[in-house]
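Remarks on the overall topology
Okay, here's what each chain looks like letter by letter:
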Amino acid sequence: MRNLLLCSILLVLLLVACQSSEGKETIRAVTPSIEVKESDGTLSDVIRLSNTLQPKLGLTFNGLADEDTMMKLLDALATHQMKATFFIEGMRVAQEPELVQKILAHGHEVQNGTLTFADMSELNYEQTYKEFFLANQIFEKHLGYAPQYVRSRSGDATESMRLAAATLGLKAVVEYSINPQDRNMQSAEEIVTYIERFWSSGAIIHLNTYINPAVIEAISLLAGKANEKSYKLTTLSEVLENQYTVRKLEEIEGYDAIQMNANYEDAEPHIYYRKNTTKKEVALTFDDWASEERTKEILDVLRQYDIKSTFFLIGSGVEKDPHLAKMILDEGHEVASHSYYHRNITEMTPEELQEDIVKTHHALTYALQESPLLYFRPAQGVIDEKSAKVVAATGMKTIALYDIASFDWNTDYALQDIYNRIMERVAPGKIIVMHVLDGTETVEALPLIIEQLQQQGYTFEKLSTWIEQHSEESVD
């Protein structure tokens, strides 16, 4: 049935005009012969997010609406000087090539949206191959180029899609990192509120042209958010430019430095929570995970005062937005483990705890593209003798605690409360913990704390500097 449908479509799409002996134009159908090339098992890449630290998001649309709707959308994009990538099915390209040419003339990209916008989850390799191949043929015939990327109607990638894309030389199957599901007929405000919730560098936004007219109204709101946040909404190709190199986990030195180890009874954990010194110096550290906006705000403050810190990050957050960990590292800060699930480790079995630590190490290593510090800070700073041994047995070199808790994670704490907690407890060699969390007063309190400590003659050190000095002194 599926093959019959494809043949019927082809007869419509590939009709050729000829001249009869009387000089009149007639139509004949050309049935192409499609040889499905066997896959060698190679899977194409799947793109959900660009590995970039640049403040850009990919704006993408699926489908081709009627001409009136498309021109309104193109006008809205032009008004705000925004470029986008459109994934259009081959049938529609063949039916309305002039309209598609108008999209290209506006400076946008058009990529392979399969031939018929079929449900790709129901198609095998051969059927998928034909969908891609025939759409490519139509693109070349009507637009003069072969697409580089392909996306399904749902935006999900199947194994057959990846196999067929690789066989046909397509660069990747494109999914998305932000999909507000505009087919649910939300308002423009609701669409943009959803997008803003997941807004981050390299994110790929998935919208549709032909379902919800509110998408057109959403363009101006999106443009306002982009200007407010100093981000650019642009084509898929542009957001994929200048990506940092991402190696597979197993290719990164130190990925296996942390491992499961059931023999933990004789482990000797190294626990560090302050430096024994009279010199006016403190270590400013940060725990947890937050949105890109909040993370950038904290990094901006630290950059303003030329302070380098140690960040203990939650693995589950890093796994979702790895570029943020990379951003922290590239700013000259240190990154270490704060567990994967942020659970009380004294309530976990040894196996659960070690699995958590290994999983976090892998998430951090992949995100940073290098091994993080082999330091571990437990959730809430809670640890006991047994859990410390379990942690140390994995290969974790230091359990890094602290002795000034800012309590800035507490949303009931005002700026002055955070400031007072730190300033009342500060002393040489103290480790301060603050938090990378949304909805707190941390960003507002941080400059006041830094300036007051500097006025008192304090300098700020990275935690590794102290720990390495301690290790050297212990050896001596």
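Refer to the structure presented above.
My aim in this report is to walk through the structure given alongside it, one point at a time.

Calculation criteria
- Residues numbered from 1 in each chain as written.
- Predicted model: local features only at pLDDT ≥ 70, side-chain atom pairs only at ≥ 80, totals over all residues.
- Heavy atoms only, no water.
- Helix = DSSP H or I, 4+ residues; strand = E, 2+ residues; numbered from the N terminus.
- Buried < 20%, exposed > 50% of the residue type's maximum accessible area, 1.4 Å probe, protein only.
- Contact = heavy atoms within 4.5 Å.
- 1 Å grid on protein atoms, 1.4 Å probe; cavity = no way out; pocket = protein on both sides within 12 Å on 5 of 7 lines; lining within 4 Å.
- Points joined across faces, edges and corners; volume = space filled by probe spheres on them.
- Nonpolar A, V, L, I, M, F, W, Y, C, P; charged D, E, K, R; others polar.
- Core = buried A, V, L, I, M, F, W, Y, C linked by side-chain atoms within 4.5 Å.
- Polar contact = N/O pair within 3.5 Å; in protein donor to acceptor, adjacent residues only side chain to side chain.
- Phe/Tyr/Trp six-rings, centres within 6.5 Å; stacked < 30°, edge-to-face > 60°.
- Salt bridge = Lys/Arg side-chain N within 4 Å of Asp/Glu carboxyl O.
- Arc of directions from axis to C-beta.
- Pairing = 2+ DSSP bridges.
- Right-handed = clockwise from strand over helix to strand, strands pointing away.

Some words on the environment of Asn62
You can see Asn62 is positioned in strand S4 (residues 56–62). For Asn62, a relative accessible area of 0% translates into the label buried. Apart from the residues lying within four places of it in its own chain, the contact partners of Asn62 are Phe87, Phe117, Arg151, Ser152, Arg153, His206, Leu207, Asn208, Thr209 and Tyr210.

What about the layout of surface pockets?
Empty space within the largest pocket amounts to approximately 1,400 Å³. Surrounding the largest pocket, 41 residues form its lining, Arg48, Leu49, Asn51, Pro322 and Tyr366 being those nearest its centre. A per-element tally of the lining of the largest pocket places helix H11 (residues 315–320) first, with four residues. Class assignment of the residues belonging to the lining of the largest pocket gives a composition of 22 nonpolar, six polar and 13 charged. What the second largest pocket holds in volume is close to 390 Å³. Forming the walls of the second largest pocket are 19 residues, and the residues nearest its centre are Lys229, Tyr231, Glu292, Glu293 and Lys296. Here the lining of the second largest pocket gets seven residues from one element, more than from any other, and that element is helix H10 (residues 292–304). The class makeup of the residues in the lining of the second largest pocket is six nonpolar, one polar and twelve charged.

With respect to the nonpolar core
If you look at the biggest cluster of nonpolar residues, it comprises 45 residues, and the most contacted ones within it are Leu59, Phe61, Leu77 and Phe86. When residues of this core are assigned to their parent elements, the largest contribution, seven residues, is made by helix H8 (residues 214–229). Every residue in contact with Phe61, bar those within four places of it in the chain, is listed here: Leu73, Leu77, Ala84, Thr85, Phe86, Phe87, Leu207, Asn208, Thr209, Val215 and Ile219. The next biggest cluster of nonpolar side chains, apart from the first, holds 41 residues, and it includes Val282, Val301, Ile307 and Ile450.

Observations concerning the environment of Thr277
Looking at the secondary structure, you find Thr277 in the loop between strand S11 (271–272) and strand S12 (281–288). A sequence separation of 132 residues divides Thr277 from Trp409, and the C-alpha atoms of the two residues are 28 Å apart. Sequence-distant contacts of Thr277, that is, excluding residues within four places in its chain, are made with Pro428 and Gly429. Only 3.0 Å separates the side chain of Thr277 from the backbone nitrogen of Lys279, close enough to count as a polar contact.

A word on the packing of aromatic side chains
By the definition in use, this model includes eleven aromatic pairs. Ring geometry for Phe61 and Phe86: centres 5.0 Å apart, planes at 15°, overall stacked. Here Phe61, found in strand S4, pairs with Phe86, found in strand S5 (residues 85–88); they are 25 residues apart in sequence, far enough to count as distant. Phe86 matches Phe61 in its accessibility class, with the two residues each being buried. Chaining the aromatic ring pairs together yields one cluster made of Tyr125, Tyr129 and Phe133.

Observations concerning the pattern of salt bridges
According to the stated counting rule, one finds 21 salt bridges in the structure shown. Asp300 is the partner of Arg303 in a salt bridge, and the nearest nitrogen-oxygen pair spans 2.9 Å. Highlighted residues: Arg303 and Asp300, both in helix H10, separated by three residues, approximately one helical turn. Connected through salt bridges with shared partners, the residues Glu196, Lys225, Lys229 and Glu293 form a single ionic network.

Section: unusual backbone geometry
Trans is the prevailing form of peptide bonds, just as negative phi is the prevailing case for residues other than glycine. If you check the backbone angles, Gln181 has positive phi at about 55° while not being a glycine. Mapped onto the secondary structure, Gln181 falls in the loop between strand S8 (172–174) and helix H7 (188–197). Even without a glycine there, the phi angle at Ser339 is positive, about 75°. Mapping Ser339 onto the fold places it in the loop between strand S14 (334–337) and helix H13 (350–368).

So, helix H4 (residues 97–105)
Structurally, the α-helix is built with 3.6 residues per turn, so residues lying three or four positions apart point the same way. Residues of H4 that are buried: Pro97, Leu99, Val100 and Ile103. What you see down the axis of H4 is that its buried residues fit within an arc of 160°, all on one side. Structural note: H4 exposes Glu98 and Ala105 on the side pointing more than 90 degrees away from its buried face. Taken together, the buried residues of H4 touch helix H2 (67–79), S5, helix H3 (90–95), strand S6 (109–112) and helix H5 (125–142). Two residues or fewer past H4, Gly107 is found with a positive phi of approximately 90°.

Considering empty space enclosed by the protein
Regions of empty space are outlined by a rolling probe, equal in size to a water molecule, passed over the atoms. Per the counting criterion, the structure on display carries one cavity of 30 Å³ or more. Put simply, the largest cavity is a space of about 30 Å³. What lines the largest cavity is simply Ser337, His361, Leu364, Pro372, Leu373, Tyr375 and Met396. Broken down by class, the residue content of the lining of the largest cavity amounts to five nonpolar, two polar and no charged.

Description of the pairing of S5
Burial along S5 is two-sided: the residues Thr85 and Phe87 and Phe86 and Ile88 are all buried. Direction of pairing for S4 relative to S5: parallel, over a ladder of three bridges. Note that in S5 the partner of Thr60 across the bridge is Thr85. What joins S4 to S5 is H2, and the crossover it makes is right-handed. Here S5 pairs with S6 via four bridges, running parallel. Bridge assignment links Phe87 to a residue of S6, and that residue is Gln111.

Remarks on the side chain of Thr167
Locating Thr167 in the fold gives a position in helix H6 (residues 159–167). For Thr167, the side chain forms a polar contact with the side chain of Tyr125, separated by 3.1 Å. When neighbours within four sequence positions are excluded, Thr167 is seen to be in contact with Lys37, Glu38, Ser39, Tyr125 and Tyr129.

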